[in-house]
Amino acid sequence: MTDVTIYHNPACGTSRNTLALLRHAGIEPRVVEYLKTPPSKEELRSLLGAMGIAVRDLLREKGTPYGELGLADPKWSDDQLLDLIGKHPILMNRPVVVTPLGAKLCRPSEEVLEILPVPKIAPFAKEDGERVVDPGQRRAG
């Protein structure tokens, strides 16, 4: 199923769990390792629109130059923040998943269940052994 995309960081446990959950559901997504291939400014705008979130909601603080760059300061415009994500893609929170049912920042990983384009899936175990049970509720497409 190539109409599903995950913006993925293989070093991130949440991202790995989300990718594994997609595969557990029988979906082989298009995997975009956004640290190697950052989305363009236009792609970021499109993703933000599809998710219905603000640029600041996509920013990641932990393990990034967020503090060093002073990004908590409200002086930064959305346009400037998008430029900075392009320059430092580690600032983009992950994983972001796009399916025919919508787009979502999947933190925690089970957030992806809402936009899975498949019926209810069997229980899944995350890397740490935590069990995820799919309630079968999906976003209207």
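Residues numbered from 1 in each chain as written. Predicted model: local features only at pLDDT ≥ 70, side-chain atom pairs only at ≥ 80, totals over all residues. Heavy atoms only, no water.

Enquirer: Which residues make up the overall build of the chain, and what values do they have?
Expert: Check the secondary structure of the chain and you find 5 helices and 6 strands. For the chain, the sequential pattern of α-helices and β-strands runs β-α-β-α-α-α-α-β-β-β-β. Over its C-alpha trace the chain gives a radius of gyration of 15 Å, about what one expects of a compact globule, namely 14 Å for 141 residues. Overall, the chain is about 45 × 30 × 25 Å in size when its C-alpha atoms are taken along their principal axes. Of all 141 residues assigned to the chain, the portion counted as buried reaches 43%. In the chain, of all internal contacts separated by at least 6 residues, the share reaching a separation of at least 24 is 57%. Carbon and sulfur atoms provide 51% of the accessible area of the chain, an area that totals close to 7,100 Å². Counting 19 positive and 19 negative side-chain charges, the chain places the centres of these two groups 2 Å from one another. (Helix = DSSP H or I, 4+ residues; strand = E, 2+ residues; numbered from the N terminus. Rg over C-alpha atoms; globule rule 2.2 N^0.38 Å. Buried < 20%, exposed > 50% of the residue type's maximum accessible area, 1.4 Å probe, protein only. Contact = heavy atoms within 4.5 Å. Areas by Shrake-Rupley, 256 points an atom, 1.4 Å probe, with all protein chains shown as cover. Lys, Arg positive; Asp, Glu negative; His and termini not counted. Charge placed at Lys NZ, Arg CZ, Asp CG, Glu CD.)

Enquirer: Can you lay out the packing of aromatic side chains for me, pointing to particular residues and giving the numbers?
Expert: Applying the stated criterion across every chain, the model contains 0 aromatic pairs. The residue whose ring lies beneath K75 is W76, and the NZ or CZ to ring-centre distance is 4.9 Å. (Phe/Tyr/Trp six-rings, centres within 6.5 Å; stacked < 30°, edge-to-face > 60°. Lys NZ or Arg CZ within 6 Å of the ring centre and 35° of its normal.)

Enquirer: Let's hear about the side chain of R60: which residues, and what values?
Expert: Relative to the helices and strands, R60 resides in the loop between α3 (55-58) and α4 (66-69). Notably, R60 is buried but unbridged: the nearest opposite-charge side chain belongs to E61, and the N-O separation is 9.7 Å. Among the polar contacts made by the side chain of R60, one reaches the main-chain carbonyl oxygen of K62 at a distance of 3.3 Å. (Salt bridge = Lys/Arg side-chain N within 4 Å of Asp/Glu carboxyl O. Polar contact = N/O pair within 3.5 Å; in protein donor to acceptor, adjacent residues only side chain to side chain.)

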